[in-house]
Amino acid sequence: MRSDDLRAALRGIPDPDWLVAALHGVAAQPSAITRFFPAVGRRCGRAELPDLPGWTADEAARALLLANLPAEHAAQAEALYRTGDAAEKRAVLKALPLLPIGAAGVPLLHDALRTNDTRLVAAALGPYAAYLDAPTWRQAVLKCVFTGVPLAVVADLDARADGELAVMLAGLAAERQAAGRSMPEDATALLDRLTAGSQPHHREA
């Protein structure tokens, strides 16, 4: 995801001039983002963006504001996350891959993954989740299965899924079967892929 993609998807928002002014204002005076950030939903709307599946207008506009901060002020994302409402937190999480902060935003992912807000959990598992260590990432995938978050939101799922995750999914599947409950279809499909990949190949005699 690039800033240009966000800009293109936001062409039809209700007040594009306000967003342009806000972007310039944040670039010139970084502290102004604390004034613009909460106003985004009212000025830009909260509609889903047809050209940017999985994003809403307010999320994309807030991500642009963050990306427009001078590099030395990008760490303001953490303060905006800590003080923001759920929509503002989601926007910060989705914006993290655009910011020059390296792994500094990982504590925000940990915070989101501790919540029971499925939309926050989903936002935490985008491309920036590449910075999560393997055990934390596996637990996050398992939490998606527990809470009904579609695994399609997990960035690089097939690339990162491994034998340890397969063992965890198999254990959960066994527990659910014993309780007369089924696994979500996407989790079953992932377990099938992982299991098939671990099976030895036999040559026909």
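So, here is what we can say about the structure in this document. Predicted model, so just to flag it, every value in this text is computed and none were measured. (Residues numbered from 1 in each chain as written. Predicted model: local features only at pLDDT ≥ 70, side-chain atom pairs only at ≥ 80, totals over all residues. Heavy atoms only, no water.)

1. Here we look at helix α6 (residues 86-95)
Since one α-helical turn is 3.6 residues long, residues separated by three or four positions face the same way. Most of α6 is tucked away, with 9 of its 10 residues classed as buried. Among the residues of α6, those classed as buried are A87, E88, K89, R90, A91, V92, L93, K94 and A95. (Buried < 20%, exposed > 50% of the residue type's maximum accessible area, 1.4 Å probe, protein only. Helix = DSSP H or I, 4+ residues; strand = E, 2+ residues; numbered from the N terminus.)

2. Some points on helix α9 (residues 134-147)
For α9, spanning 14 residues, the distance from its first C-alpha to its last is 20 Å, which sits close to the expected 20 Å at 1.5 Å a residue. For α9, the set of buried residues is W137, R138, A140, V141, L142, K143, C144 and V145. In the stretch just after α9, G148 is the one whose phi turns positive, near 85°. (Expected span 1.5 Å × (residues − 1).)

3. Observations concerning the packing of α9 against helix α11 (residues 163-178)
Running from N to C, α9 and α11 cross one another at 30°; their axes reach a closest spacing of 10 Å. As summarised for this structure, α9 and α11 are arranged roughly parallel, according to the angle between their axes. Taken as a pair, α9 and α11 cross one another with a handedness that is right-handed. Along its contact with α9, which presents W137, R138, Q139, V141, L142, V145 and F146, the element α11 presents E164, L165, M168, L169, L172 and R176. A per-class count over the contact of α9 with α11 returns 9 nonpolar, 1 polar and 3 charged. (Axes fitted to C-alpha atoms, helices over the stretch in contact; angles between N-to-C directions. Parallel < 35°, antiparallel > 145°, perpendicular 65-115°, else oblique. Left-handed = near helix turned anticlockwise from the far one by under 90°. Contact = heavy atoms within 4.5 Å. Nonpolar A, V, L, I, M, F, W, Y, C, P; charged D, E, K, R; others polar.)

4. Focus on the packing of helix α2 (residues 16-28) against helix α3 (residues 33-44)
Relative orientation of the contacting elements α2 and α3 amounts to 165°, with a least axis distance of 11 Å. Here α3 runs roughly antiparallel to α2, going by the angle between their axes. Of the two possible hands of crossing, α2 and α3 adopt the one that is left-handed. On α3, the residues that touch W18, L19, A22, G25 and V26 of α2 are I33, F36, A39, V40, R43 and C44.

5. Some thoughts on the nonpolar core
Ranked by internal contacts, the top residues of the largest apolar core, which has 71 residues, are L66, L93 and L125. Residue contributions to this core peak at 7 residues, all from helix α4 (residues 57-67). Not counting residues up to four positions away in its chain, the partners in contact with L125 are L113, L132, W137, A140, C144, V153, V154 and A155. (Core = buried A, V, L, I, M, F, W, Y, C linked by side-chain atoms within 4.5 Å.)

6. Section: the environment of D17
Position of D17 among the secondary structure elements: in helix α2. As for D17 and R43, which are separated by 26 residues in sequence, their C-alpha atoms are 9.7 Å apart.

7. Thoughts on the environment of P97
The residue P97 is located in the loop between α6 and α7 (106-114) in this model. Between the C-alpha atom of P97 and that of P127, which follows or precedes it by 30 residues, the distance is 6.6 Å. Look past the residues within four positions of P97 in its chain and what remains in contact with it is P127 and Y128.

All we've got here are geometric facts, nothing functional implied.
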